[in-house]
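Observations on the three-dimensional arrangement
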Amino acid sequence: MERFMMFNDRPIDSFLVMQLSDLAQTLARSRRWTVEFAAHSGVHLAKQTIYVSQLWDVYPLPDKERAMKSDVALRMVGTYRHTDAAAVRAFRRTAEAQRLPKLLKQLFSFAEDLRLEAVCERERPGLKRWFRARRRLHRRYFFQQWQANRTRGALADQFLAAMYLRLTADSPLDDVPLAPMADGAGQARLEALWPQFFDASSTAETARWALAVVELMERVLPGDMVNAYTSLPIVDHDEERKMTLHDLKRTDPLENRDTLNDSPSGEVHRQVLSTWHRETSRTGGNFLRFELERGTRTGMFGDGARPGEDGDQALAIVQGTSRPTKRNEYGPEAHASFGDHPSTGSGAPYGEVNRQAGLVLLPTSPPSPTHLEQYRTKQAAVAPYRKRLVRVMEQWLEHQRSAWRTNLPAGRLRKQLVPFFTEERPRLFYKKGEPARRFDAVFGLLVDCSASMHDKMEETKTGLILCHETLKTLRVPHAIVGFWEDANEATASWQPNYMQMAISFRQSLEPSSGPSILQLEPHEDNRDGFAIRWMTEQLLRRPEAQKVLLVFSDGEPAAYGYEQNGIIDTHEAVAEARRRGIEVVNLFLGRGADDEPTRRTIENIYGRFRVFVPHVSELTDRLLPLLKTWLQKSL
C-alpha cells in the first residue's frame, strides 16, 4: 500500500511477526495468544497478549530477532508460569505510596526478569543463546545510559543503569560504582545488600529486595527517575485507568486570576468561527468547544450553554447503536443490512482480530447508461484475449474427447497386430475418448476497494471484465465482490465492512451481466482477512469440485486496529481457505511490486501463490495463463 505521509509509521516485518506469534502459541500450547509491539515488554493475562519491546528495532536483524524471541520466551515460559500476579498487584500498590515509585517499579521489573531468565534457562536450555544476546544488548545499552545520565546529573537513572550492569556482570572487573553520590557508610550498606538478589526465589522475595534497596537510596537520591526503561511485567486489566463521567465534565480553572473591567465606552467585537470537517453531517453544527488554560475572566460569551444534539460525537466515549451516516448514500437495502448483520461481538467467526467487524452487504444496482457505454468499450478491448483463451480451451476439450488411449490390456482390438508376434505380453486394445465434459469449477474474485486503488481501479476493471467474459463464455459460475472498511464510521466496538456484490454466482452466466463491475470505486480501508473468510464461506457452499479465490490488491491490509495483526490475520485466513480445498492466489497490482520489503510481505501472506503485476496494463496478459491452468485442472 502506498503511503504518502508517515507519522511514526514503523514498517513491520510480517515474517518476523508470524514467527513470534507461532513461538508464543507453541510455548503456550494455545492458538489464542497474540503478539503485539509496545514500548516495553510485558504480558496481558486477560487479553492473552504478549508485548514485544520496540527497543530492539535499532539493532541488526540477527540480534533483533534473538532479542524479540527472548521477549516472547521470557513472558510465556517465565512471567506467565512463574510470576505471582497477586504479588505484582500488591507491589504496585506499595510502590505508588513510596517517594521514588518509578525507580522502585523499574528496579523490581529488571530484577524479576533476571530471576526468570535463570528459570527459563534451567527449564529450556535451548533458550540460552537468546538470553545471552538479550543481556549483551541490554548491557551495551545501559552502559551508554550510565555514562549519559552521569553527565546529565540524573542520579536515579544513573543508579538503575549501574545496578543492572552490576547484576549482569560476568567478572568483578566489569563493575561500575553503584552509588558514588552516597557517603562511605551508605555505599558499604548497599554493597552488602545488592548481592542478596541472587537468593530470591519468588516474586515476593524479589519485591522485598527491591523495596530494601530503594529505601536505602531514598536518603541519597534527590528525586525520582526521568526516563522509563521498562514497566511491570504483568499488565493488570483491573489496574488500567478508565475515564469516568467526572473526567468528561471536568473544568480546570485558569492559571491566572486576571479579570476584565467592563468599560461602557469600549467597543466590543464578536466573531463566530464556524467549525466544519468532512465527518460532520451538516455544515451548521459547529459543536467543537475549546478549553482555555490562560486568559482573562469575562462575561462576554456568557449567553448560556448550547443544548445537546444526537449528532454531537466529537468527544463521545460511549456510543449506543451505530447508524449509517448521510454522507454514504448506499440505499435502503444497505441501511437495512446494519440490522441484518450485527457486529460479531458475541463470537469471532471471521477471526479474533475481526471480532468487532460487522458485515454490510451492498446489493447490485442497475447500471447507468454511462456504465453501459463504458462496458461496451472495455468489452471490445478484451475481446481478442477472450477469444484466444476460449479457443484454446475448446481445443483442449476436443482433444480430450477425440484422443484414443492405446496399448491397453482390454477394449477394442486395434489393426496393428505386430506386437502379438514380437512381444511376450502384447497390449493390442484401445478405447475411445470420453465425451466432452464441462468445467467443474467456480471462481470468487475479491477486489480491494481501498483508497490506494484510486490510480489502478480502471485497469483492474478491465482485468475483471476479461475474467467475467471468459468465464461466462465457458459457462463457469463466478462472483466478483469489492470490499472495504469505512474509516469514518469505524470505532473500537464497531467496524463496518462493506461487500459490494458486483457479480453474483446466480447472475454470472446471464447475458446481460457485466456492466455492474464498473460500479466498483475506491473508498477507505481494507480488512483482507475478513473479506477472504467471508468469500471462503460463499465458495464452500458451491457444489463444484474446483474452487478458486482470486484477490486483487495493491498492498498490505490496513484498517482500524489492524496495523500489526492485519498481516498475520490475512495469512491465517489464506491458510484456512487452502486447508478447506480452495486455491487462493493474490494478484498484486502497482509499482509496489518492485519494492523488496513489499514483495516479501506479500510472499509471507500468500506464499508462492502470488502474481506481481508492476504495470496494471499487463494484467490481462498475466490472467490468461492462470485461467487456462485452473480450467484444465477442473476437467
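Refer to the preceding data block for the structure.
We now turn to the structure provided with this report. (Residues numbered from 1 in each chain as written. Predicted model: local features only at pLDDT ≥ 70, side-chain atom pairs only at ≥ 80, totals over all residues. Heavy atoms only, no water.)

1. Quick notes on the sheet that holds strand S5 (residues 357-362)
- Reading across from one edge, S5-S11-S10-S9-S12-S13-S14 is the order of the seven strands in this open sheet, with mixed pairing throughout. Sheet topology places S5 and strand S14 (610-613) at the edges, where each strand pairs with a single neighbour. Between one strand and the next, the sheet's axes are offset by a mean angle of 20 degrees, whatever the strand orientation.
- Where S5 lies against strand S11 (residues 495-503), six bridges are found, and the strand directions are parallel. The partner of Gly358 across the bridge, within S11, is Pro496.
- Contacts from helix H13 (residues 457-473) reach strand S9 (441-448), strand S10 (478-485), S11, strand S12 (546-553) and strand S13 (582-589), with the element oriented near 170 degrees to S9. (Pairing = 2+ DSSP bridges. Helix = DSSP H or I, 4+ residues; strand = E, 2+ residues; numbered from the N terminus. Axes fitted to C-alpha atoms, helices over the stretch in contact; angles between N-to-C directions. Contact = heavy atoms within 4.5 Å.)

2. Comments concerning the packing of helix H3 (residues 85-96) against helix H8 (residues 203-217)
- Running from N to C, H3 and H8 cross one another at 20 degrees; their axes reach a closest spacing of 9 Å. It follows from the interaxial angle that H3 and H8 lie roughly parallel. Pair H3 / H8 crosses with right-handed handedness. Here Ala87, Val88, Phe91 and Thr94 of H3 come into contact with H8, specifically with Thr203, Ala204, Ala207 and Leu211.
- Here the residues of the contact of H3 with H8 are counted per class, giving six nonpolar, two polar and no charged. (Parallel < 35°, antiparallel > 145°, perpendicular 65-115°, else oblique. Left-handed = near helix turned anticlockwise from the far one by under 90°. Nonpolar A, V, L, I, M, F, W, Y, C, P; charged D, E, K, R; others polar.)

3. Re the packing of aromatic side chains
- A full pass over the atoms with the stated rule returns 16 aromatic pairs.
- Taken together, a centroid distance of 5.4 Å and an interplanar angle of 55 degrees make the contact between Phe197 and Trp209 tilted. Placement of the pair is Phe197 in the loop between helix H7 (184-193) and H8 and Trp209 in helix H8, with a sequence separation of 12 residues.
- One aromatic cluster in this structure is built from Phe110, Tyr141, Phe142, Tyr164 and Tyr229. (Phe/Tyr/Trp six-rings, centres within 6.5 Å; stacked < 30°, edge-to-face > 60°.)

4. Brief notes about helix H6 (residues 155-167)
- Helix length check: H6, at 13 residues, gives a terminal C-alpha distance of 18 Å against a target of 18 Å (1.5 Å per residue), a fit within 8%.
- Among the residues making up H6, those that are buried are Ala156, Asp157, Gln158, Phe159, Leu160, Ala161, Ala162, Met163, Tyr164, Leu165, Arg166 and Leu167.
- Each element contacted by the buried residues of H6 is listed here: helix H4 (101-123), helix H5 (128-152), H7 and H8. (Expected span 1.5 Å × (residues − 1). Buried < 20%, exposed > 50% of the residue type's maximum accessible area, 1.4 Å probe, protein only.)

5. Describing the sheet that holds strand S3 (residues 49-53)
- Spatially, S1-S3-S2-S4 is the arrangement adopted by the four strands of the open sheet, whose pairing is mixed. Only two strands of the sheet have a single partner each, and these edge strands are strand S1 (34-38) and strand S4 (234-235).
- Two strands pair when backbone bridges link them, and strand S2 (residues 42-44) and S4 are joined in this way by two bridges, in the parallel orientation. Looking across to S4, one finds that His44 is bridged to Val235.
- The strands that helix H2 (residues 61-82) touches are S1, S2, S3 and S4; relative to S3, the one it contacts most, it runs at about 140 degrees.

6. Things to note about the packing of H2 against H5
- Remark: H2 packs on H5, axes separated minimally by 8 Å, with the N-to-C direction vectors making an angle of 110 degrees. Judged by the angle between their axes, H2 and H5 are roughly perpendicular. Seen along the crossing, H2 lies across H5 with a hand that is left-handed. Facing H2, whose interface residues are Asp63, Arg66, Ala67, Lys69, Ser70, Asp71, Ala73 and Leu74, H5 presents Arg129, Trp130, Phe131, Ala133, Arg134, Arg136 and Leu137.
- Classifying every residue of the contact of H2 with H5 by side-chain character gives seven nonpolar, one polar and seven charged.

7. Some words on a nonpolar patch on the surface
- Residues Leu413, Leu417, Phe420 and Phe421 make up a contiguous nonpolar surface patch of roughly 470 Å² in combined accessible area.
- Note that Leu417 resides in the loop between strand S7 (412-413) and helix H12 (419-422).
- Given the relative accessible area of 38%, Leu417 is considered partly exposed. (Patch = residues over 30% accessible without salt bridge, like charges linked within 9 Å, V, L, I, M, F, W, Y side chains within 5 Å. Areas by Shrake-Rupley, 256 points an atom, 1.4 Å probe, with all protein chains shown as cover. Salt bridge = Lys/Arg side-chain N within 4 Å of Asp/Glu carboxyl O.)

8. Topic: unusual backbone geometry
- Look at Gln48: it is not a glycine, yet its phi comes out positive at around 55 degrees.
- For Gln48, the location among the structural elements is in the loop between S2 and S3.
- Judged by relative accessible area, Gln48 falls into the partly exposed class, the value being 22%.
- One non-glycine residue, Arg475, lies in positive phi territory at about 60 degrees.
- By the element assignment, Arg475 lies in the loop between H13 and S10.

Just geometry here; none of it tells us what the structure is for.
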